[in-house]
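One letter stands for each residue in the lines below.
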Amino acid sequence: MEQLVDSYGRHIKSMRISITDKCNFRCTYCMPAEGLPWLKKPEILTYEEIVRISRVAVDMGIEQIRLTGGEPLVRRDVPDLVYQLHQLPGLRSLSLTTNGVLLKDQARPLAEAGLTRINVSLDSLVREKFAKLTRRDQLDRVLIGLEELEKYPSIHPIKVNAVAMRDFTEEEVLDFVQLARRKAYVVRWIEFMPLDADQIWRKEDILTGAELKAIIEAKYGPLVPVRGGDPSETARRYTFSDGIGEIGFINPVSEPFCSTCDRIRLTADGQLRTCLFATEETDLRAVVRSDADDEQLAQTIRRAVWHKELKHYIGDKRFKRANRSMSMIGG
Ligand code: SF4
């Protein structure tokens with residue numbers, strides 16, 4: 001089938017699929033303490049519908065699928081979905097983004113079902129700070145979940161993603177570096193983006209990748225770039241002069257990477273988003289719940305991708321907030 005290409009010539013190879021809007025955390029930069037008005041069950045795509053859309057998308061060149069939420073593991077039977085997606089011919093990578101609190105019990109079934117990569121969101125290693133940020137006192141369970149993952153080398157690499165926030169992250173940067181060097185977790189810092197439900201994001205709260213790199217190099221000397229990654233990789237990857245440990249910086253605000261963007265997103269209620277900051281969506285749920293065939297579904301996806309946004313305009317007067325918050329998009 002003809003590959004997915006947008007009007008700027010970018011080949012679309014990666015799809016992030018939010019399988020639920022619900023979450024068992026209440027991170028202050030993501031959602032209010034009381035949560036959000038959750039989607040109703042009939043509004044949410046069934047696993048069969050997700051697999052059908054994925055199969056058609058993989059036939060058009062999607063090679064990487066990442067399952068996200070909310071918190072994906074709060075939805076039942078995720079290993080069943082992973083198993084079905086893992087069977088899709090042409091799919092090279094199947095990953096999951098999770099807050100890690102349910103990993104102790106889920107790591108094994110996910111590994112056996114065919115999960116190949118994982119991103120665990122962890123913004124602090126200090127119990128009190130973690131509890132204040134997530135409004136849940138569960139740091140220990142996340143760390144136990146990470147250790148459980150280490151038993152399944154088929155899930156590799158284990159990435160730990162921390163949202164970088166000014167006057168919060170700086171004091172723990174070197175502890176996270178220690179984690180990367182001691183545990184072989186790939187630790188990455190992601191710049192804070194204006195996708196919070198409370199709309200409290202301010203440019204001055206941005207702690208840039210460059211600032212974090214400077215803190216680390218002050219202690220470890222110049223970092224060594226890791227070469228040869230995927231050109232659409234969002235992280236700037238580094239190791240240390242002794243070669244122990246890998247860290248990375250995802251800088252969508254200070255160093256946007258839209259020119260090599262190969263990503264599209266599917267929301268839990270079946271809307272196709274061609275950019276994280278999209279203000280319009282394409283309703284695939286209506287298509288898969290109609291009598292449209294796979295070719296018509298493919299055409300709908302292809303048309304949407306052709307109109308993929310050039311870039312985000314954060315910091316520019318043309319910037320418009322996305323029409324959904326992060327927990328409804330899935331990162
Ligand atoms: S902002 Fe949009 S275009 Fe830019 S990298 Fe993110 S998804 Fe791609």
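Basis of the calculations
- Residues numbered from 1 in each chain as written.
- Predicted model: local features only at pLDDT ≥ 70, side-chain atom pairs only at ≥ 80, totals over all residues.
- Heavy atoms only, no water.
- Core = buried A, V, L, I, M, F, W, Y, C linked by side-chain atoms within 4.5 Å.
- Buried < 20%, exposed > 50% of the residue type's maximum accessible area, 1.4 Å probe, protein only.
- Helix = DSSP H or I, 4+ residues; strand = E, 2+ residues; numbered from the N terminus.
- Contact = heavy atoms within 4.5 Å.
- Axes fitted to C-alpha atoms, helices over the stretch in contact; angles between N-to-C directions.
- Parallel < 35°, antiparallel > 145°, perpendicular 65-115°, else oblique.
- Left-handed = near helix turned anticlockwise from the far one by under 90°.
- Near = heavy atom within 4 Å.
- Nonpolar A, V, L, I, M, F, W, Y, C, P; charged D, E, K, R; others polar.
- Phe/Tyr/Trp six-rings, centres within 6.5 Å; stacked < 30°, edge-to-face > 60°.
- Lys NZ or Arg CZ within 6 Å of the ring centre and 35° of its normal.
- Polar contact = N/O pair within 3.5 Å; in protein donor to acceptor, adjacent residues only side chain to side chain.
- Salt bridge = Lys/Arg side-chain N within 4 Å of Asp/Glu carboxyl O.
- Pairing = 2+ DSSP bridges.
- Right-handed = clockwise from strand over helix to strand, strands pointing away.

(A) The nonpolar core, seen in detail. Counting residues in each nonpolar core, the largest one holds 104 residues, and the members touching the most others are Trp 189, Ile 216, Ile 247 and Ile 301. Tallying contributions element by element places helix H1 (residues 47–59) first for this core, with 7 residues. With residues near it in sequence (within four places) discarded, Ile 301 still touches Leu 4, Ile 53, Val 56, Met 60, Leu 272 and Leu 284.

(B) Expanded view of the packing of H1 against helix H2 (residues 78–86). Where H1 meets H2, the closest approach of the two axes is 10 Å, and the angle between their N-to-C directions is 25 degrees. Regarding the angle of H1 to H2, the classification is roughly parallel. Crossing hand, H1 versus H2: right-handed. For the pair formed by H1 and H2, the contact residues are Tyr 47, Ile 50, Val 51 and Ser 54 on the first element and Val 78, Leu 81, Gln 84 and Leu 85 on the second.

(C) Representation of the site of the ligand. The full set of residues close to the ligand is Phe 257, Cys 258, Cys 261, Arg 263, Arg 265, Cys 275, Leu 276, Phe 277, Lys 308 and His 312. Taken together, the residues of the shell around the ligand break down into 6 nonpolar, 1 polar and 3 charged.

(D) Representation of the packing of aromatic side chains. Under the criterion given, the structure shown has 7 aromatic pairs. Pairwise contacts between aromatic rings join Phe 176, Trp 189, Tyr 238 and Phe 249 into one cluster. A cation sits over an aromatic face here: Arg 181 above Phe 240, 4.8 Å from the ring centre.

(E) Representation of the side chain of Asn 251 in the model. Relative to the helices and strands, Asn 251 resides in the loop between strand S9 (246–250) and strand S10 (263–266). You can call Asn 251 buried: its relative accessible area is 4%. There is a polar contact of 2.5 Å between the side chain of Asn 251 and the side chain of Glu 255. Ignoring sequence-local partners within four residues, the contact set of Asn 251 consists of Glu 191, Gly 209, Arg 236, Pro 256 and Phe 257.

(F) Structural context of the pattern of salt bridges. The final tally for this structure, using the stated rule, is 27 salt bridges. Among the ionic contacts, a cluster of salt bridges with common partners joins Asp 269, Arg 273, Glu 281 and Arg 324.

(G) Expanded view of the pairing of strand S6 (residues 186–191). Burial runs high along S6: 6 of the 6 residues are buried. Pairing analysis gives 6 bridges linking strand S5 (residues 158–164) to S6, with the strands arranged parallel. Paired with Ala 162 across the two strands is Trp 189, which belongs to S6. Handedness of the crossover joining S5 and S6 through helix H6 (residues 173–183) is recorded here as right-handed. Sheet topology note: the S6/S9 ladder contains 4 bridges and is parallel. Within the sheet, the bridge partner assigned to Arg 188 lies in S9 and is Gly 248.

(H) A look at unusual backbone geometry. With omega at 0 degrees, the peptide bond leading from Gly 69 into Gly 70 counts as cis. Each neighbour pair has its own omega, and for His 156 with Pro 157 the value is 0 degrees, a cis peptide bond. The backbone of Asp 77 sits at a positive phi, close to 60 degrees, despite the residue not being glycine. Take Asp 77: it is sitting in the loop between strand S2 (64–68) and H2.

(I) Geometry of the environment of Asp 80. Tracing the sequence through the fold places Asp 80 in helix H2. Owing to a relative accessible area of 43%, Asp 80 belongs among the partly exposed residues under this scheme.

(J) Layout of the pairing of strand S8 (residues 235–239). Of the strand pairs in this sheet, strand S7 (residues 224–225) and S8 are connected by 2 bridges, and their pairing is antiparallel. Counterpart to Val 224 in the pairing with S8 is Thr 239. Connecting S8 to the antiparallel partner S9 that follows it, the hairpin turn spans 6 residues, and Gly 243 within it adopts a positive phi of roughly 75 degrees.

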